[in-house]
Amino acid sequence: MTALQQRTGSVGTPVDRVDGVAKTTGTARFSAEHTYPGLTYAAVVHATISRGRITAIDTTRAADIAGVIKVITPENAPPLKPAPRVSMLNMSSIVSGTSVNYLQDNEVHWDGQPVAVVVAETSEAAKEAAALVDVTYRTTESSVDFVTARLQAQVQKGNPLLPAGAKKGDAAAALAGAAVSVDAEYTTPPYNHNALEPHSTTAAWDGDRLTVHDATQSIGWFRTHLALRFGIPEANVRVIAPYVGGGFGGKAFVWPGTVLAALAARATGRPVRLTLTREGVYRTVGGRTPSIQRVALGATQDGKLTALIHQSVARVGRTGGMPEQITTQSRHLYAAENILLEQRAVEQDVLPTTSMRAPGESIGTFALESAIDELADVLGIDPIDLRMHNEPDRDPVDGKPFAHRMLREAYAEGARRFGWSARSPQPRSMNDGRWLVGMGVASAFHPLMLFTSNVTVRLSADGTVLVRCGFQEMGMGGATVQGQIAADALGVPFDAVRVEYGDSALPSAPMAGGSMQTASVANSILEACAKIRASLESLAKRSGAVGQAPKAVLAKAGVPHVEAAVGSDTRLGKVTGQMRMMRQVMRDRRYLRAATGAHFCEVRVDQDTGELRVSRWTSVFDVGRVINPKTAGSQLRGGIIMGIGMALAEETLFDPRTGRIMNPSLAEYHLPVHADIPAIDVSWLGDPDPTMPLGLLGLGEVGITGVAAAVANAVHHATGRRVRDLPITLDKLVP
Amino acid sequence: MVDVTIRVNGQARSLDIPPQVSLLDALRERFGLTGPKKGCDQGACGACTVLADGERINSCLALAVQYDGREITTIEGVDDPLQTAFVRNDGLQCGYCTPGQICSALGMLAEYKDGAPSAVTEPDADPGELTEEEIRERMSGNLCRCGAYNGIVKAIQETAALDTEEVSS
Ligand code: FES
Ligand code: FES
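Residues numbered from 1 in each chain as written. Chains lettered and ligands numbered in written order. Predicted model: local features only at pLDDT ≥ 70, side-chain atom pairs only at ≥ 80, totals over all residues. Heavy atoms only, no water.

*Asks:* Would you mind going over the interface of chain B and chain A in detail, with residue names and values included?
*Replies:* On the chain A side, the residues contacting the 49 residues of chain B number 57 residues. With both sides pooled, the region where chain B packs onto chain A buries about 4,000 Å², and carbon together with sulfur makes up 54% of that total. A per-residue breakdown of the area chain B buries against chain A is headed by Gln 93, Arg 145 and Tyr 149 of chain B, which together make up 21% of the total. The tally of links from chain B across to chain A stands at seven salt bridges. Between Arg 28 of chain B and Glu 33 of chain A there is a salt bridge, with its nearest N and O atoms 2.8 Å apart. Remark: the boundary between chain B and chain A carries 26 residue pairs in polar contact (both at pLDDT 80 or more). Listing elements by their share of the side of chain B that touches chain A, those giving two or more residues are helix 1 (23-30), helix 2 (81-88), helix 3 (98-113), helix 4 (132-138) and helix 5 (149-168) of chain B. Residues that form the side of chain B that touches chain A fall into these classes: 20 nonpolar, 15 polar and 14 charged. (Contact = heavy atoms within 4.5 Å. Buried area = accessible area lost by both parts, 1.4 Å probe. Salt bridge = Lys/Arg side-chain N within 4 Å of Asp/Glu carboxyl O. Polar contact = N/O pair within 3.5 Å; in protein donor to acceptor, adjacent residues only side chain to side chain. Helix = DSSP H or I, 4+ residues; strand = E, 2+ residues; numbered from the N terminus. Nonpolar A, V, L, I, M, F, W, Y, C, P; charged D, E, K, R; others polar.)

Written as structure tokens, this is what we have:
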């Protein structure tokens, strides 16, 4: 082994996150925390009808407030180009949250849509004036109640990346003829991401150049989108987001606030900061679709699945939306002989739905994994045994090989850590004083893709390494993990590596979504580092420094640094990048790649009041190789905690008559708090995935999948009550 | 407009502001101290927690004019082992709730020492070793959407233990 190939052993160690000091001392500046000379503040006026037209806007009272600079309405707004039509050939086109061209006409498409923006010298003045803009509407009949609209749902169209259904054999006939069956409907409410940092944009124009500090998880696509909306070259837009206060999918797409901040800055000729109020986030940033799901399972007496049917109804807005691929996990988790998967969606006059942590699987697993538990109960088989009895060797629908699958090992290890053998099989058979105790399991499943990323890596004569890549860091740990990867790839200590990220001026990276950022960026860093090692070797040969450390090689060769780039952001580079990406996607279609896991949950339910507590939690994951156990553990726990929130408390309430969100606040939308969360035992099997760079599988989303089912299953075990409608609030459990 | 002088992180700072300006907005927008965060602006998340004469408060629910002559400590003025304990235990992800969690924890530890009751401890109970359950109860006003709760509790427990060691030695 030469000095160049020596590993520094950074990968796999629990390095502290590199931005930890900035975040614990208050020096980290988020998007609403950058000042510009002459900075102004904007506030949004929201529509109060779900569909119709603005007939008049009276801004006199608003304009009279001291400090108000301008009230921007459809009557005086500068022009804005429409959002691009979604096309698979231009991936950035999917990034529009809605298709509405804000403040360009008088149409209203959802309750909460921005109808005016006030710009003022202070945030207090902007807020006060926004409340004084008088808008009159003519309403049109609208469809807002999801439950009554389900019958109008249309079959969802899939795309090559996300199939929307599947059919194998005749599942209906198999169900009818099955010795044992369960057939039930499960429902999940709308959810909101509630990243703790509300969306905020600070926009400044310099001629026709635009700089925005935006809370985004799609830096590159935001840039493309803004350039298009304002009719300027992409090179004129810079999006900066080194710190993002949580995203979970809610900051993946461009929502009105971002566009309006830039529009307001253009209209006033001043830099503008538009920070959404918490209510404003609910009104203008989409959330997760509600769902109605039917799962029907047929089995033999000994628990072999003969039929698996999963049908779902989701919703989108009339101006866009994300119906979620709710049945995905049902395509891959069980070796049923006959399978039927169908996804439907209904279009309504509400804010478009959007992706939220593990879109599809987080709510789809609730229905599937609850149904499996119900079947186990009817069969009198242990729910883990039933799952293992139906664990497939190949992908059940199309027979593709698994890239990697260790669900058996995950359950075995989880059962040991959790103490599953102490569970008595009968529901309502365990208690601790007045607390009924229950234990439940469920599988976690999240499919994974690999994207491409541009990156440059530079090794300098002083032994330091600079990685430059415009990826986004919202707390997943990318800034730390990519440094660890580069350190090992170049054989330098972790501290010698600096990673620049969060800026569209850097080589472009994919959005942070689909749990694919870490692997996609790592792939390119590894490639760049390999190039550097090759250049170093030839330099070493030329200068007679073979076998010496990189620093020595560069000194001897008299070279200040070696730099390597992967991908490029030139026009040609983009085309090549797109082709590279398509090749990769085609290659990846040959097998099924997914992160999986086994959740074990213990709940306690007060026998008189129905008070429900999650008292213990163990999860074991198959997420390939883990680069940093500290940040990986946090990511997985974070997913589980969000899943516990889904299961127990979270719910966005839409008024079924008006379509208005009734609980747009953190006081009325209940997130899990400290007291709701026990110590969560997470671990992983650690076996590298053979199809991924370094064998790592993305782990941002798999954690949340299966969680709500594990809770519901534990609640059933504790109380004998099967709750099929989330969240599991007290009223559903009181005796 | 009202004249206010607040001691912020040990330094007297004066302002001439309309009375409706919140303490949080005064700190963030007027003094440029953006350590305290705004997660909800209505007292529901704890991201804006600062110390007022050593006591934790939600600065979004306070008016700046109420704090004339008082001493405010924001995260920028904190220098405590708790901060490194947060990093070591990965008690943060995105970091947006973190300044609030830290200020709140400092206030909470002081309350606990003073014998303030909680739903977990009986009033007058001897404030012995701080349990995880107690920390969770007393920190429940500080939301963390990233779910860094386990690490936060550990960091606080570790730091509290340090504190007791010092006192007893
Ligand atoms: S910002 Fe003050 S409690 Fe949320
Ligand atoms: S670290 Fe993101 S909200 Fe707590």
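*Asks:* Let's hear about the domain arrangement of chain A: which residues, and what values?
*Replies:* Interface size, as often reported, equals the accessible area lost upon joining of the parts. Residues and elements named next belong to chain A. Split by domain assignment, chain A resolves into domain 1 (3-28 + 450-588), domain 2 (34-141 + 196-246 + 251-284) and domain 3 (149-191 + 288-448 + 593-732). The C-alpha centroid of domain 3 is placed 36 Å from the C-alpha centroid of domain 2. Taken together, the contacts link 20 residues of domain 2 with 19 residues of domain 3. Carbon and sulfur atoms make up 61% of the surface buried where domain 2 meets domain 3, a total of about 1,700 Å² over both sides. By the criterion of area lost to domain 3, the three top residues of domain 2 are Asp 111, Tyr 282 and Arg 283, representing 32% of everything that side buries. (Domains from an automatic or database assignment.)

*Asks:* How would you explain the environment of Val 562 of chain A if you had to name every residue and give the values?
*Replies:* Residues and elements named next belong to chain A. Within the secondary structure, Val 562 is located in strand 22 (residues 561-566). The exposure class assigned to Val 562 is buried, which follows from its relative accessible area of 8%. Through-space distance from the C-alpha of Val 562 to that of Arg 458 is 5.7 Å; in sequence the pair is 104 residues apart. (Buried < 20%, exposed > 50% of the residue type's maximum accessible area, 1.4 Å probe, protein only.)

*Asks:* Account for the environment of Pro 690 of chain A, naming residues and giving values.
*Replies:* Residues and elements named next belong to chain A. Along the chain, Pro 690 falls in the loop between strand 25 (680-684) and helix 18 (707-719). Assessed through its relative accessible area of 63%, Pro 690 is described here as exposed. Contacts of Pro 690, omitting those with residues within four sequence positions, involve Ala 403 and His 404.

*Asks:* Pulling in residues and values, what's your account of helix 3 of chain B?
*Replies:* Helical geometry note: an α-helix holds 3.6 residues per turn, so side chains three or four residues apart project in the same direction. Residues and elements named next belong to chain B. The terminal C-alpha atoms of helix 3 lie 22 Å apart, and with 16 residues this matches the ideal 22 Å at 1.5 Å per residue to within 8%. In terms of burial, helix 3 is a largely internal element, 13 of the 16 residues being buried. A positive backbone phi angle near 80° is found at Gly 115, which sits one or two residues after helix 3. (Expected span 1.5 Å × (residues − 1).)

*Asks:* How would you summarise the sheet that holds strand 25 of chain A if you had to cite specific residues and measurements?
*Replies:* All names here are of chain A. Taken together, the five strands give an open sheet; going across it, the order is 17-18-23-24-25, and neighbouring strands pair in mixed fashion. Whereas interior strands pair on both sides, the edge strands pair on one side only; in this sheet they are strand 17 (431-432) and strand 25. Relative to strand 24 (residues 612-622), strand 23 (residues 594-606) is paired through 10 bridges, and the arrangement is antiparallel. Across the sheet, residue Ala 598 finds its bridge partner in strand 24, namely Val 620. (Pairing = 2+ DSSP bridges.)

*Asks:* Tell me about the nonpolar core, and please be specific about residues and values.
*Replies:* Residues Val 603, Trp 617 and Val 711 of chain A together with Ile 156 of chain B are the most contacted members of the largest nonpolar core, which totals 177 residues. Top element by residues in this core is helix 14 (residues 517-543) of chain A. It accounts for 10 residues. Those residues in contact with Val 711 of chain A that sit more than four places away from it in its chain are Cys 601, Val 603, Trp 617, Ala 647, Leu 648 and Ile 728 of chain A. If you look at the next biggest cluster of nonpolar residues, it comprises 55 residues, including Leu 80, Val 259, Val 281 and Val 585 of chain A. (Core = buried A, V, L, I, M, F, W, Y, C linked by side-chain atoms within 4.5 Å.)

*Asks:* Report on the domain arrangement of chain B, specifying residues and quantitative values.
*Replies:* Residues and elements named next belong to chain B. Taken domain by domain, chain B comprises domain 1 (2-77) and domain 2 (81-168). For domain 1 versus domain 2, the separation of C-alpha centres amounts to 22 Å. The interface of domain 1 with domain 2 comprises 16 residues on the first partner and 16 residues on the second. Roughly 1,200 Å² of surface becomes buried between domain 1 and domain 2 when both sides are summed, with 57% attributable to carbon and sulfur atoms. For the domain 1 face of the interface with domain 2, the top three residues by lost area are Lys 37, Arg 56 and Ile 75, together amounting to 48%. Summed over the shared surface of domain 1 and domain 2, the number is one salt bridge. Here Arg 56 and Glu 111 are joined by a salt bridge, their closest N and O atoms 2.8 Å apart. Our enumeration of links across domain 1 and domain 2 arrives at seven residue pairs in polar contact (both at pLDDT 80 or more). By residue number, the principal contributor to the side of domain 1 that touches domain 2 is strand 3 (residues 49-52), which donates three residues. Residues of the side of domain 1 that touches domain 2, tallied by class, amount to six nonpolar, six polar and four charged.

*Asks:* Could you give an account of the UniProt feature "domain: Aldehyde oxidase/xanthine dehydrogenase a/b hammerhead" (unreviewed entry) in chain A, naming the residues involved and the relevant values?
*Replies:* Per the UniProt record, the feature "domain: Aldehyde oxidase/xanthine dehydrogenase a/b hammerhead" (unreviewed entry) sits at residues 25-141 of chain A. For residues 25-141 of chain A, the helix share is 11%, the strand share is 29%, and the end-to-end C-alpha distance is 52 Å. (UniProt positions renumbered as here; feature names shortened; annotations may be inferred.)

*Asks:* Hey, could you go over the packing of helix 14 of chain A against helix 15 (residues 550-557) of chain A for me, with residue numbers and the actual values?
*Replies:* All names here are of chain A. The N-to-C vectors of helix 14 and helix 15 enclose an angle of 50°; their axes lie 9 Å apart at closest approach. Taken together, helix 14 and helix 15 sit at an angle that is classed as oblique. Every pair of crossing elements has a handedness; the one defined by helix 14 and helix 15 is left-handed. Facing Leu 536, Leu 539, Ala 540 and Ser 543 of helix 14, the residues of helix 15 in contact are Pro 550, Val 553, Leu 554, Lys 556 and Ala 557. (Axes fitted to C-alpha atoms, helices over the stretch in contact; angles between N-to-C directions. Parallel < 35°, antiparallel > 145°, perpendicular 65-115°, else oblique. Left-handed = near helix turned anticlockwise from the far one by under 90°.)

*Asks:* Summarise the pattern of salt bridges; cite the residues concerned and give the values.
*Replies:* Side-chain pairs of opposite charge can arise whenever the charged atoms involved come near each other. Following the criterion strictly, the structure yields 55 salt bridges over all chains and no others. Linking Asp 41 of chain B and Lys 38 of chain B is a salt bridge whose minimum nitrogen-to-oxygen distance equals 3.6 Å. By relative accessible area, which is 28% here, Asp 41 of chain B ends up partly exposed. A single salt-bridge network, built from bridges that share partners, covers Arg 51, Arg 318, Glu 347 and Asp 349 of chain A.

*Asks:* Any chance you could break down the sheet that holds strand 11 (residues 209-214) of chain A for me, citing the residues and the numbers?
*Replies:* Residues and elements named next belong to chain A. Taken in spatial order, the seven strands of this open sheet run 3-5-1-13-10-11-12, and their pairing is mixed. The sheet terminates laterally at strand 3 (68-72) and strand 12 (237-240), the two strands that pair on one side only. Mean inter-strand twist for the sheet, computed between neighbouring axes without regard to direction, equals 20°. Across four bridges, strand 11 lies against strand 12 in parallel orientation.

*Asks:* Would you mind going over the packing of helix 10 (residues 361-379) of chain A against helix 18 of chain A in detail, with residue names and values included?
*Replies:* All names here are of chain A. One can describe the packing of helix 10 onto helix 18 by two numbers: an axis separation of 8 Å at closest approach and a directional angle of 30°. Here helix 18 runs roughly parallel to helix 10, going by the angle between their axes. Handedness of the crossing formed by helix 10 with helix 18: right-handed. Each of Thr 365, Phe 366, Glu 369, Ser 370, Asp 373 and Asp 377 in helix 10 lies in contact with helix 18, whose residues at this interface are Ala 708, Ala 709, Ala 712, Asn 713 and His 716. The residue inventory of the contact of helix 10 with helix 18, partitioned by class, reads four nonpolar, four polar and three charged.

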